[in-house]
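Here's the letter readout for the chains.
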Amino acid sequence: PIRIGSSVAWPSAGILVPWECYLQYDNTGLVRDHYQAMKKYLDAVCGVHNLKEGYSYLVSGAGLAEHLAVVPTDSNLCQNAILKHLLDVTAEMAEVVGDTETAARYRARAEGIKKEWNEYFIDPVTVKTRTHELRLFGMGSAAPDEPFITCDTQASYALAIEYDIVNEKYMDKFAENFVEACRRGRGEGAEYTITTGFYATGKLLPALTKIGRVDVAYKMIEQTKYASWLYPVVQGATSIWERWDAY
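This write-up is about the structure you can find in this document. (Residues numbered from 1 in each chain as written. Predicted model: local features only at pLDDT ≥ 70, side-chain atom pairs only at ≥ 80, totals over all residues. Heavy atoms only, no water.)

## Quick notes on the overall build of the chain
Logical step 1: If you tally the helices and strands in the chain, you get 9 helices and 2 strands.
Logical step 2: Overall, the chain shows an N-to-C arrangement of helices and strands of α-α-α-α-β-β-α-α-α-α-α.
Logical step 3: Taken over C-alpha atoms, the radius of gyration comes to 18 Å for the chain, in line with the 18 Å a tight globule of 247 residues would show.
Logical step 4: C-alpha atoms of the chain, sized along the principal axes, occupy 50 × 50 × 35 Å.
Logical step 5: Relative to its 247 residues, the chain shows a buried fraction of 48%.
Logical step 6: Counting only carbon and sulfur atoms, one obtains 52% of the accessible surface of the chain, whose full area is about 12000 Å².
Logical step 7: Side-chain charges of the chain comprise 25 positive and 32 negative groups, with the mean position of each set lying 1 Å from the other. (Helix = DSSP H or I, 4+ residues; strand = E, 2+ residues; numbered from the N terminus. Rg over C-alpha atoms; globule rule 2.2 N^0.38 Å. Buried < 20%, exposed > 50% of the residue type's maximum accessible area, 1.4 Å probe, protein only. Areas by Shrake-Rupley, 256 points an atom, 1.4 Å probe, with all protein chains shown as cover. Lys, Arg positive; Asp, Glu negative; His and termini not counted. Charge placed at Lys NZ, Arg CZ, Asp CG, Glu CD.)

Right, here's the structure in full:
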């Protein structure tokens, strides 16, 4: 079997590009051309050697995810949410090519990740996101009995909501915590500013819309303070910056 790591954020393009082309153009040819590669990749990522200790579905990968975020989010939290999404969309593509067995297997694995993600990354009392350690580039490790630390970032909520990984019993309070993270922004005097990085920024407004908070989405998109979509504009930028404060 192929042995690779379980950091899926950047490699997800190999699955999401064919998926988006299928959604936008009904291009099944691209799905068929890349299907075996997508399947081999996901089967390797979900291999036993990549599993988080003590879990049957969560993977241990970290690596780049919320790159250049204003407020960092645990990469492992992100990687597992993204992996669940990749399994969901590849299950749909498996149906397109007639591979119903793989579709069922990936859906079952996605549900397994969802169950364990809720157990591991959501505090059952506060319903805020949490983690054992803040891993940005795969550095460091946590003992199983190490206390959890609060995550509570815009990115952690936006990814989870967009990728449908939150259990229904948590959803109302989870959404409230997300809205509060957006209202808080970078802190006092910088409310409704963006704190996300490469992966979650594109999920921020869709996630707010999904929970019915278009009002908050507008407050964020109309913000001109650092960090915001309009901040580069008021600073005279003529192109999109890689960093929120690239100048």
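From this point, the narrative continues.
## Focus: the packing of aromatic side chains
Logical step 1: Tallying each qualifying case throughout the model produces 10 aromatic pairs.
Logical step 2: Each ring, one from Tyr55 and one from Tyr120, has its centre 5.5 Å from the other, and the planes form 85 degrees; the classification is edge-to-face. Here Tyr55 is found in the loop between α2 (28–45) and α3 (75–96), whereas its partner Tyr120 is found in helix α4 (residues 100–121), with 65 residues between them in sequence.
Logical step 3: Residue Tyr55 is classed as partly exposed on the basis of its relative accessible area of 23%.
Logical step 4: The class for Tyr120 is buried, based on a relative accessible area of 5%. (Phe/Tyr/Trp six-rings, centres within 6.5 Å; stacked < 30°, edge-to-face > 60°.)

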